[in-house]
Amino acid sequence: MTESRRRPKAYSTSPLLVSLWSRRFRLRLSVVLLLALTSTACTGKHSRVTVQNEEPDTGPRVASTVQMNDPHAAAQLLSGFYAVENNMWRWTAGKFSVQLRTPLAAPNGATLTLSLTIPDVVVQKLKNIKVTASINGMELKSQQYDTAGPYTLSADVPASLLTGESLKADFTVDKTMRPDGDARDLGVIANSVAISPK
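Cut-offs and rules
- All residue numbers here refer to positions counted from 1 along the written sequence of the relevant chain.
- Owing to the predicted nature of the model, reporting of local features is limited to residues with pLDDT of at least 70; listing and counting of side-chain atom pairs is limited to 80 or more, with chain, interface and lining totals taken over all residues.
- Neither water nor hydrogens contribute to the side-chain values; these are computed over all heavy atoms in the structure.
- Put simply, two rings from Phe, Tyr or Trp (the six-membered ring, in Trp's case) pair if the centres are within 6.5 Å, and we call them stacked under 30 degrees between planes, edge-to-face over 60, tilted for the rest.
- The rule is simple: take the accessible area with a 1.4 Å probe, protein chains only, and divide by the maximum for that residue type; under 20% is buried, over 50% is exposed, in between is partly exposed.
- Only when the NZ atom of a Lys or the CZ atom of an Arg is both within 6 Å of the ring centre and within 35 degrees of the ring normal do we say a charge sits over the ring.
- By definition, a salt bridge exists where a carboxyl oxygen of Asp or Glu is found within 4 Å of a side-chain nitrogen of Lys or Arg.
- Numbering of helices and strands runs from the N terminus, with a helix taken as a DSSP run of H or I at least four residues long and a strand as a DSSP run of E at least two residues long.

A. Summary view of the packing of aromatic side chains. If you walk through the whole model with that rule in mind, you get 4 aromatic pairs. On the basis of an interplanar angle of 50° and a centroid distance of 4.6 Å, the ring pair of Tyr145 and Tyr151 is categorised as tilted. Looking at Tyr145, the relative accessible area reads 5%, which means it is buried. Grouping aromatic residues by their ring pairs yields a cluster made of Phe81, Phe96 and Phe171. Above the plane of the ring of Tyr82 lies Arg184, whose end atom (NZ or CZ) is 5.2 Å from the centre.

B. The pattern of salt bridges, seen in detail. In this structure the tally under the stated criterion is 5 salt bridges. Asp156 is the partner of Lys198 in a salt bridge, and the nearest nitrogen-oxygen pair spans 3.5 Å. Of this pair, Lys198 sits in the segment after strand S9 (189-197) while Asp156 sits in strand S7 (residues 149-157); the two residues are 42 residues apart in sequence, bridging distant segments of the chain. Its salt-bridge partner being Asp170, residue Lys168 comes within 3.7 Å of it at the nearest N-O pair. Judged by its relative accessible area of 41%, Lys168 is partly exposed.

Dropping the structure here:
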């Protein structure tokens, strides 16, 4: 064998192959860089993004009717209410207050309504009981009860007291009782409180 046969054959690279290879390399490099930038952008920015609703969440809206067994309205029971019993009603103390949404259109005033129950035990121990409703320190109505049963205390509210988005309705009971073995001073059983335009 001659020397020329032993030498490896030199391959010539055509410009077309170089061009295709470099295009392929550039395409792969571009894809890798794009993926790297995308993953960096995803991990870096999403932790700082906050979603905003069209209307800001200001918490639960104040209702114009409060059912004593409604857990969503419990925050409106400002003072003087004991825990829910029988998943329906609450005992009150001698003074109790509720926050209610003010009626939007009430040029003629509104009606404040307390749905209550006077149990037999209250009548037996106290003979009679008087409940008074007021708003902003203005007494609206007093009602005396001397027999057991369900009642509705309705009081007229003048339009002059219906200012602001909500109001505080206050109730007082002239006498309370303390059952044997119970440390609570009990007034009446409240079922609901509401205000509605006339």
